[in-house]
Every structure is written in C-alpha cells, then in structure tokens.
Amino acid sequence: QVQLVESGGDLVQPGESLRLSCTASGSIIRANAMGWYRQAPGKQRELVAYIRVDGSTSYADSVKGRFTISSDNAKDTVYLRMNSLKPEDTAVYYCNTPNRYYSWGQGTQVTVSS
C-alpha cells in the first residue's frame, strides 16, 4: 500500500519562505504526475500545484509566482518551495496525484502569522 508522507511545515512570519517535502513508498513519484494540495480550516481541500511526468508544472492563481513545485526522482520526493508567504497560505498541506488516487497522508501544517 502506498504511503504519502509530508513534512517541512512550520510557523513563519509573512514574507518568509518554507520548503515542503513529500516522500512516497513504491516509486510512484517518478511514474505519476504529483500535486500539492492544501486545506484551510472550514474550506475545501484545493490543488495548488502539480508537476507532470515530463517535468512541466501548473499552479493555482493564488500561488503563481510564489510557489515552485519540483521533484527528485532518485529520492522519490516531491517538493514545494513557498516564497513570500501570506497569512492566507495558512493550511494543512498534502501531496497526492492530481486525481487524488492514493490515500491521504497526515499532511504538514503551515501557519503564516506575525
């Protein structure tokens, strides 16, 4: 059974940066498009970025220009670099395929607050 494990979340101030990591068992990251989602309290889980197998990327308008998704196939890890963080980026962040194929991991909490 594939397990997704997210890490790297923290409490930061507005304008600061974080890098999130997602590892997965079963070598799925090199074989699938992978995405980062987030869920803020009281809101739906939303896809904010994804990377295709060919390395091309797509972003939600709310994070475009600030977030960068990348992958390291040798490490079976996908990253989300988040710059210029805003309070509205506060959420639990998860990784999964764009069609939400695998069971969700525990997520990693990102809190942006002064």
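For the structure itself, look to the data block above.
The model shown is predicted, which means the values in this text are computed figures rather than measured ones.

Thresholds, definitions, all that
Residues numbered from 1 in each chain as written. Predicted model: local features only at pLDDT ≥ 70, side-chain atom pairs only at ≥ 80, totals over all residues. Heavy atoms only, no water. Buried < 20%, exposed > 50% of the residue type's maximum accessible area, 1.4 Å probe, protein only. Helix = DSSP H or I, 4+ residues; strand = E, 2+ residues; numbered from the N terminus. Pairing = 2+ DSSP bridges. Salt bridge = Lys/Arg side-chain N within 4 Å of Asp/Glu carboxyl O. Disulfide = S-S within 2.5 Å. Polar contact = N/O pair within 3.5 Å; in protein donor to acceptor, adjacent residues only side chain to side chain. Contact = heavy atoms within 4.5 Å.

All right, on to the pairing of strand β9 (residues 91–96) then. Across the six residues of β9, six count as buried, placing the element largely inside the fold. Note that strand β4 (residues 34–39) and β9 share five bridges and pair antiparallel. Bridge assignment links Gly35 to a residue of β9, and that residue is Asn96. Where β9 meets strand β10 (residues 108–112), three bridges bridge the pair, whose relative direction is antiparallel. Bridge assignment links Tyr93 to a residue of β10, and that residue is Thr108.

This part is about the pattern of salt bridges. Throughout the structure, instances matching the rule amount to five salt bridges. Note that Arg30 and Asp76 form a salt bridge whose closest N and O atoms lie 3.8 Å from each other. You can see Arg30 sitting in the loop between β3 (18–24) and β4 and its partner Asp76 sitting in the loop between β7 (67–72) and β8 (77–82), a full 46 residues away along the chain. With its nearest N and O atoms 2.9 Å apart, the salt bridge here joins Arg38 to Asp89. Within this pair, whereas Arg38 is found in strand β4, its partner Asp89 is found in the loop between β8 and β9, the two being separated by 51 residues in sequence. A residue is classified by how much of its surface remains accessible, and Asp89, at 0% relative accessible area, is buried. Connected through shared salt-bridge partners, Arg38, Glu46, Arg66 and Asp89 make up one network.

It is worth spelling out the state of the cysteines at this point. For the structure shown, the criterion picks out one disulfide. Disulfide partner of Cys22: Cys95, at an S-S distance of 1.9 Å. Disulfide Cys22-Cys95: torsion about the S-S bond near 55°, hence right-handed. Residue Cys22 is located in strand β3, and its partner Cys95 is located in strand β9; the two are separated by 73 residues in the primary sequence.

Here the focus is the side chain of Arg38. When its relative accessible area of 6% is taken as the criterion, Arg38 is described as buried. A polar atom in the side chain of Arg38 sits 3.4 Å from the side chain of Ser62. A distance of 3.1 Å separates the side chain of Arg38 from the side chain of Tyr93, its partner in a polar contact. Not counting residues within four places of it along the chain, the set of residues in contact with Arg38 comprises Gln44, Arg45, Glu46, Val48, Ser62, Val63, Phe67, Glu88, Asp89, Ala91, Val92 and Tyr93.

Moving on to the sheet that holds strand β2 (residues 11–12). Read from one edge of the open sheet, six strands run β2-β10-β9-β4-β5-β6, paired in mixed fashion. In the strand order of this sheet, the two ends are held by β2 and β6 (57–59), each with one partner.

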